[in-house]
Amino acid sequence: MQIKQIAKRLVDAAWVARVIEVLDRRSDNRTTELGMLSQAFEFAKINDVPGDYFEFGLWRGKTFGYAYRMKRRYGRDNMKLWGFDSFQGLPATEKHPDNIWYEGQFACTRPEFEKIMGSRGIQRSEYELIQGFYSDSLNDNAHRRLSGRKAAVIYVDCDLYESTIQVLNFIEPYIVNGSIICFDDFYNYKGDPAQGEQKALAEFLQQRPLLHFIPYLDYAPLGKSFICRLK
Ligand SMILES: C[S@@+](CC[C@H](N)C(=O)[O-])C[C@H]1O[C@@H](n2cnc3c(N)ncnc32)[C@H](O)[C@@H]1O
């Protein structure tokens, strides 16, 4: 077996995930993306915010798998986990001044993703996947599948302005008072508000006077989360 394969297996092994979780639990207040997720789930518990977990941008499931653990930790038995991804990595995008991404980056096939989840003890019946590039997959059919659902925690980790604006337009009907939305790459592009997730969020909110996103926590190295309020 090649070293790369051994390393991948090690990273995906359930016991490694468990060690990370235990270590991370000791430092939950250190807000990295995993700490941020645990804060979001705790916020939802304290405030009794109803709804599911939506994640846009899964790659090999690090944050998605952790959200599953948080669902268990906080006893959210009725919460469904929804994952949205192309399973082909990033789409092609126009050139940006500070772009650090490339087409196909973070590709992980759906069977590979499901296998990784399985290796972490997460059964296929415990989550739902909506597959495809967002320009195709965030459609009426997806809304039908989500009919009647709300989102307590939304994790946006799709890196690009183009992807993020599609996500924001899609999730609007699932937002409730107290939904936490996390942007994993908010301060990317050297923090430029005219690029990436920051640009998408500003554009989205400008057209939605009845939606208010209250800044909640900044988390390392590039993330920021908000509490959603409907006016
Ligand atoms: C940085 S990775 C996600 C990392 C992951 N959350 C983790 O914990 O490691 C970005 C993901 O976003 C997905 N993605 C970005 N833009 C997309 C789009 N327009 N449609 C579908 N998937 C997209 C990519 O396929 C990739 O899996």
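Residues numbered from 1 in each chain as written. Predicted model: local features only at pLDDT ≥ 70, side-chain atom pairs only at ≥ 80, totals over all residues. Heavy atoms only, no water.

A. Structural detail: unusual backbone geometry. The amide bond that connects alanine 220 to the next residue, proline 221, takes the cis arrangement and shows omega of -5°. When you line up the elements, proline 221 lands in the loop between strand S6 (211–219) and strand S7 (223–230). Although it is not a glycine, tyrosine 189 adopts a positive phi angle of roughly 55°. Relative to the helices and strands, tyrosine 189 is located in the loop between strand S5 (175–183) and helix H9 (196–206). Accessibility expressed as a relative area gives 3% for tyrosine 189, which makes it buried. Even without glycine at this site, lysine 190 takes up a positive phi of about 55°. Relative to the assigned elements, lysine 190 resides in the loop between S5 and H9. (Helix = DSSP H or I, 4+ residues; strand = E, 2+ residues; numbered from the N terminus. Buried < 20%, exposed > 50% of the residue type's maximum accessible area, 1.4 Å probe, protein only.)

B. Structural detail: the site of the ligand. With respect to spatial proximity, 19 residues lie near the ligand, and among them Gly57, Thr63, Asp85, Asp157 and Ser163 are the closest. Its residues assigned to classes, the shell around the ligand shows 8 nonpolar, 6 polar and 5 charged. (Near = heavy atom within 4 Å. Nonpolar A, V, L, I, M, F, W, Y, C, P; charged D, E, K, R; others polar.)

C. Representation of the nonpolar core. Counting 34 residues, the largest nonpolar core has Phe41, Tyr53, Phe64, Phe113 and Tyr127 as its most contacted members. When contributions to this core are tallied by element, the ones reaching two or more residues are helix H3 (33–46), helix H4 (62–73), helix H5 (110–119), strand S3 (127–131), strand S4 (151–156) and S5. A per-element tally of this core places H3 first, with 7 residues. Discounting chain neighbours no more than four positions away, the residues touching phenylalanine 64 are Tyr53, Glu55, Leu58, Leu81, Trp82, Gly83, Phe113, Met117 and Tyr127. (Core = buried A, V, L, I, M, F, W, Y, C linked by side-chain atoms within 4.5 Å. Contact = heavy atoms within 4.5 Å.)

D. Broad picture of a nonpolar patch on the surface. Taken together, the side chains of Leu10, Trp15 and Val19 present a nonpolar region at the surface, about 330 Å² in accessible area. As for its position among the elements, valine 19 is in helix H2 (residues 14–26). With a relative accessible area of 42%, valine 19 lands in the partly exposed category. (Patch = residues over 30% accessible without salt bridge, like charges linked within 9 Å, V, L, I, M, F, W, Y side chains within 5 Å. Areas by Shrake-Rupley, 256 points an atom, 1.4 Å probe, with all protein chains shown as cover. Salt bridge = Lys/Arg side-chain N within 4 Å of Asp/Glu carboxyl O.)

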